Amino acid sequence: MSSELAERMDRQAARLREQLTYWAYVIGGVLGVSTSFVTGVHKYEFTDSPQIDQDAVGVGILFTGIGLILLLGGVVIRRRSKASWIIPGLFFVIGVLRLIWLFGLPPR
């Protein structure tokens, strides 16, 4: 009887570890992609002639890239569950569009 209980608790612990790891990856990825939007890419944004800050563009690309990698890690961890792809998939698309926009900005 105790071996059945131990096996059931091991399965529950493994499932909990998988869920916690999944959410850690997803929240980290969402924060990475969202931080890219917060940093901004313009110097002197509120003047008559804003300029593109290449350093801010590089930071945005870095944050978005790290966020996308974390989101992919979350999807790989829970690849059996299709419902767990909704949040990472949405933010992955947002992150890819952000990368396309950042790479499309003209250099100074």
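Above: the structure in question.
Analysis parameters
Residues numbered from 1 in each chain as written. Predicted model: local features only at pLDDT ≥ 70, side-chain atom pairs only at ≥ 80, totals over all residues. Heavy atoms only, no water. Phe/Tyr/Trp six-rings, centres within 6.5 Å; stacked < 30°, edge-to-face > 60°. Buried < 20%, exposed > 50% of the residue type's maximum accessible area, 1.4 Å probe, protein only. Lys NZ or Arg CZ within 6 Å of the ring centre and 35° of its normal. Helix = DSSP H or I, 4+ residues; strand = E, 2+ residues; numbered from the N terminus. Contact = heavy atoms within 4.5 Å. Salt bridge = Lys/Arg side-chain N within 4 Å of Asp/Glu carboxyl O. Axes fitted to C-alpha atoms, helices over the stretch in contact; angles between N-to-C directions. Parallel < 35°, antiparallel > 145°, perpendicular 65-115°, else oblique. Left-handed = near helix turned anticlockwise from the far one by under 90°. Nonpolar A, V, L, I, M, F, W, Y, C, P; charged D, E, K, R; others polar.

A.B. asks: When you look at the packing of aromatic side chains in this model, what are you seeing that I'm missing?
C.D. replies: When we look at a pair of aromatic rings, we describe it by the centre distance and by the angle of the planes. Inspection of the entire model under this criterion finds one aromatic pair. Judged by centre distance (5.1 Å) and plane angle (75°), the rings of Tyr22 and Trp23 are edge-to-face. Its relative accessible area of 2% is what places Tyr22 among the buried residues. Relative accessible area serves as the criterion here: at 40%, Trp23 is assigned to the partly exposed category. Positioned above the aromatic ring of Tyr22, the side-chain terminus of Arg78 is 4.9 Å from the ring centre.

A.B. asks: Help me understand the side chain of Ser36, please; the structure alone is not making it clear to me.
C.D. replies: By the secondary structure assignment, Ser36 is in helix α1 (residues 2-39). Among all residues touching Ser36, those that are not within four sequence positions of it are Gly60, Phe63, Thr64, Arg98 and Leu102.

A.B. asks: Where do I start with the environment of Arg80 in this structure?
C.D. replies: Among the secondary structure elements, Arg80 is positioned in the loop between α2 (54-77) and α3 (86-103). For Arg80, a relative accessible area of 65% gives the class exposed. Distance in space between the C-alpha atoms of Arg80 and Tyr22 is 12 Å, their sequence separation being 58 residues.

A.B. asks: Just to check I follow, could you spell out the pattern of salt bridges for this structure?
C.D. replies: Close approach of charged atoms lets side chains of opposite charge pair. Counted by the stated rule, this structure contains one salt bridge. The residue Arg78 makes a salt bridge to Glu18 at a minimum N-O spacing of 3.8 Å. With a gap of 60 residues between them, Arg78 in the loop between α2 and α3 and Glu18 in helix α1 connect regions that are remote in the sequence. Judged by its relative accessible area of 22%, Glu18 is partly exposed.

A.B. asks: Honestly, the packing of α1 against α2 in this entry has me stumped. Any pointers?
C.D. replies: Two quantities define a packed helix pair, namely the angle between the axes and the distance from one axis to the other. The contact between α1 and α2 brings their axes to 7 Å, and the two run at 160°. Our classification of the angle between α1 and α2 gives roughly antiparallel. Taken as a pair, α1 and α2 cross one another with a handedness that is left-handed. Along the lines of polarity and charge, the residues of the contact of α1 with α2 split into 11 nonpolar, 12 polar and one charged.

A.B. asks: How should the side chain of Arg78 be read in this particular structure?
C.D. replies: With a relative accessible area of 17%, Arg78 lands in the buried category. Contacts of Arg78, omitting those with residues within four sequence positions, involve Glu18, Gln19, Tyr22, Ser84 and Trp85.

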